[in-house]
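Secondary and tertiary structure notes
Spelled out from the first residue to the last, the chains are:
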Amino acid sequence: MIKVDNLTKKFGNNEVLRNISTEIAQGEVVSIIGPSGSGKSTFLRCMNMLETPTSGKIVFDQQDLTDSKTPVNKMRQRIGMVFQHFHLFPHLTVLENLTYAPLKAKGVNKQVAQEKARELLKRVGLSEKEAAYPNSLSGGQKQRVAIARALAMEPELMLFDEPTSALDPEMVKEVLDVMKDLAKSGMTMVVVTHEMGFAREVADRILFLDHGVLLEEGNPVEFFSQPKTARAKDFLDKIL
Amino acid sequence: MNLDFSQITPYIPFMLEGIWVTLKFVAVALIVGFILGTLLALCKISNIKPLNWFAIAYTSIFRGTPLILQLMTFYFAIPQLTGYDISPFLSAVLAFGLNSAAYISEIIRAGIQAVDKGQTEAAMALGVPYRQMMKDIILPQALKNILPSLMNEVITLTKESALVSTISVLDLMRRAQVVGADIYRNFEPLLFVGLIYWIMVFGLSTIGKVLERRLKVSDQS
Ligand SMILES: Nc1ncnc2c1ncn2[C@@H]1O[C@H](COP(=O)(O)OP(=O)(O)O)[C@@H](O)[C@H]1O
Ligand SMILES: [Mg+2]
């Protein structure tokens, strides 16, 4: 589905990602974990070209996103992203947040877009909020709307950057439940998270990043019980 | 005190007509300034270096020279260089429009850059094309930051518009001078149009305050 080949990213002289290669299969759920500043967000943002890789390739559905001839906007329409701080459009209602991109970027007709949006709001349990404005919602509700907004484009891949880190503890579960549901439905997902419970329970694979290096990669059971590297062991000791 | 307003009474309709001239002038100059200013602001935030340079140089020139000099330049230089006999009104609109475009572009640039960067990223991540994103997501939010300073610019423009009297556009100011010359008394007509300017500016700032309050109410954040 998406293949990362020798990805390196520098901000000036600061090498934030170093020679990362991995491949994510259709339907797979991958969790990226690692210490703060290790490059997790940057890695995720390279996958939809919000950051331009310094070198290396990102191949999505046979097309290299780093190739300047690839229509990046068209590809981004097929890759959903959920941010830590939601970034809902504050001047649009919840329903408009969901229908905006399908209408304006994809050219879906209004009736179809609204129908789809209502179906998604129902799925994330927010049907009664369709006319509300984002800033009247709680954090958990905002994040569920943000997930629904991304899903409204019918993406083939979903990227999550610490989707629960900005939430009050009591709201984490409602968002994780939506994500678990999504994983169960077969969505391909890449999730940067500090929720080890989620990573262990839902992910098919863990990527452990440290100082911009993909230090360890493996299935959750192995990773959490017998981390191979001292750095990973250290990290897990601190966080668990 | 030697004040006699009775003498200007017959001239009042003549002077009041100046309100229309001034307002029309301000409105047209403002529209030119706003459209051009928006384009310049987009050049300033663009990734294309030559566009940046152009917009920065433009702003620097129009902010770095006296407005009255720009006005005179358009009025005298265009006929001399091109042979086109430009009307006072048109040269005034050009000078003021191009000049306020420089100021307005700064206001809009700052307003756009004050919009949370996450908004751009969210729109980009959804695959929304740049133009659509600017039009539907960024500019509407920027407007809220822009409006107060924009209102200031309108007020400045209204007051500064009196400069066009120097190239004999028959605006409020010019009419006061004409009447003054006619009746050999300058103070009363000047006082009279001064009052009109003040009322116009007062009206504009009131409208500005109302608009701002409206935006705050509809702003659900
Ligand atoms: N836009 C940027 N410009 C410069 N440095 C950046 C930028 N974004 C991230 N960095 C740096 O890259 C490193 C990795 O950041 P990030 O990917 O956000 O890490 P993580 O998400 O794992 O906490 C950090 O040192 C951060 O300061
Ligand atoms: Mg991060």
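To keep things clear, this report deals only with the structure shown in the data block. Here the structure is a predicted model, which means the values were calculated and not measured. Per chain, residue numbering runs from 1 following the sequence as it is written. Chain A is the first chain written and ligand 1 is the first ligand written, with later ones labelled in order. Only residues with pLDDT of at least 70 are given local features in this predicted model, and only at 80 or more are side-chain atom pairs given and counted; all residues enter the totals for whole chains, interfaces and linings. With hydrogens and water excluded, all non-hydrogen atoms of the structure serve as input to the side-chain values.

1. A word on the overall build of chain A
- Helix and strand labels come from DSSP, where a helix needs a run of H or I of at least four residues and a strand needs a run of E of at least two; each type is numbered from the N terminus. Looking only at helices and strands, one finds nine helices and 10 strands in chain A.
- Relative to a compact globule of 240 residues, whose C-alpha radius of gyration would be 18 Å, chain A shows 18 Å and is just as compact.
- Oriented by its inertia axes, the alpha-carbon framework of chain A measures out at about 50 × 45 × 30 Å.
- With a 1.4 Å probe rolled over the protein chains alone, any residue whose accessible area is under 20% of its type maximum counts as buried; one over 50% counts as exposed, and the rest are partly exposed. Within chain A, buried positions represent 55% of all 240 residues.
- Any two residues having at least one pair of non-hydrogen atoms within 4.5 Å are treated as being in contact. By sequence separation, contacts in chain A at least 24 residues apart represent 64% of the contacts at least 6 residues apart.
- Across chain A, the 31 positively charged side chains and the 31 negatively charged ones have centroids separated by 4 Å. Within these notes, the globule rule equals 2.2 Å times the number of residues to the 0.38 power, and the radius of gyration is based on C-alpha atoms. For the charge count, each Lys or Arg is scored as positive and each Asp or Glu as negative, with His and the chain ends excluded. A charged residue contributes its charge at one atom only: NZ of Lys, CZ of Arg, CG of Asp or CD of Glu.

2. A few points about the interface of chain A and chain B
- In this assembly, 24 residues from chain A lie in contact with 20 residues from chain B.
- Roughly 1900 Å² is buried in total at the junction of chain A and chain B, and carbon and sulfur atoms are behind 62% of that figure.
- Salt bridges are counted wherever a side-chain nitrogen of Lys or Arg sits within 4 Å of a carboxyl oxygen of Asp or Glu. Between the two partners, chain A and chain B, sit two salt bridges.
- By the criterion applied in these results, polar contacts are pairs of N or O atoms within 3.5 Å in which, for protein atoms, one can donate a hydrogen and the other can accept it, and in which residues neighboring in sequence qualify only through two side-chain atoms. Taken together, the links from chain A to chain B amount to six residue pairs in polar contact (both at pLDDT 80 or more).
- Those elements that place two or more of their residues in the side of chain A that touches chain B are α2 (72-76), β6 (79-82), α3 (94-106) and α5 (139-151) of chain A.
- Top element by residues in the side of chain A that touches chain B is α3 of chain A. It accounts for four residues.
- Among the residues making up the side of chain A that touches chain B, the classes are represented as 14 nonpolar, six polar and four charged. Two parts placed together each lose some accessible area under a 1.4 Å probe, and adding up what both lose gives the buried area. Only Asp, Glu, Lys and Arg are considered charged in this grouping, and only Ala, Val, Leu, Ile, Met, Phe, Trp, Tyr, Cys and Pro are considered nonpolar; every other residue, Gly among them, is considered polar.

3. Let's talk about the site of ligand 1
Residues and elements named next belong to chain A.
- Residues in close proximity to ligand 1 include Phe11, Val16, Pro35, Ser36, Gly37, Ser38, Gly39, Lys40, Ser41 and Thr42, which together make up its full environment.
- Within the contact set of ligand 1, an oxygen atom lies 2.7 Å away from a backbone nitrogen or oxygen of glycine 37.
- Threonine 42 places a side-chain nitrogen or oxygen 2.5 Å from an oxygen atom of ligand 1.
- Throughout, the Shrake-Rupley method with a 1.4 Å probe supplies accessible areas, and for residues the shown protein chains are the sole cover considered. When the free accessible area of ligand 1 is taken as 560 Å², the share hidden by the protein chains comes to 57%.
- Of the residues forming the shell around ligand 1, the biggest block, three residues, is contributed by helix α1 (residues 40-47). Only a single heavy atom is needed: when it lies within 4 Å of a molecule or strand, its residue is near that molecule or strand.

4. A short note on the packing of helix α1 (residues 12-45) of chain B against helix α4 (residues 88-113) of chain B
Residues and elements named next belong to chain B.
- Working convention: axes come from line fits to C-alpha atoms, limited for helices to the stretch in contact. Angles between N-to-C directions cover 0 to 180 degrees. Viewed as axis vectors pointing N to C, α1 and α4 meet at an angle of 45°, and their least axial separation amounts to 5 Å. In terms of their interaxial angle, α1 and α4 are classed as oblique. Seen along the crossing, α1 lies across α4 with a hand that is right-handed.
- Residue composition of the contact of α1 with α4, by class: 21 nonpolar, seven polar and four charged. Reported orientations rely on four angle classes, namely roughly parallel under 35 degrees, roughly antiparallel over 145, roughly perpendicular from 65 to 115, and oblique for the rest. Two helices crossing with the near one rotated counterclockwise from the far one by less than a right angle form a left-handed crossing, whereas a clockwise rotation gives a right-handed crossing.

5. Structural notes on the sheet that holds strand β3 (residues 29-33) of chain A
Residues and elements named next belong to chain A.
- Here we have six strands laid out as an open sheet, ordered β6-β7-β8-β3-β9-β10, and mixed in their pairing. Lying at the two open borders of the sheet, with one neighbouring strand each, are β6 and β10 (213-218). Pairwise comparison of adjacent strand axes, ignoring direction, gives a mean angle of 15° for this sheet.
- Paired strands are those between which DSSP finds at least two bridges. As judged from the four bridges shared by β3 and strand β9 (residues 205-210), these two strands associate in the parallel manner. The residue of β9 that forms the bridge with serine 31 is isoleucine 206.
- Running at roughly 145° to strand β8 (residues 188-192), helix α6 (residues 169-184) makes contact with β3, β7 (157-161) and β8 of the sheet.

6. Comments concerning α1 of chain A
Residues and elements named next belong to chain A.
- Counting buried positions along α1 gives seven out of eight residues, so the element sits mostly inside the fold.
- Those residues of α1 lying buried are Lys40, Thr42, Phe43, Leu44, Arg45, Cys46 and Met47.
- Two residues or fewer after α1 comes methionine 49, characterised by a positive phi angle close to 65°.

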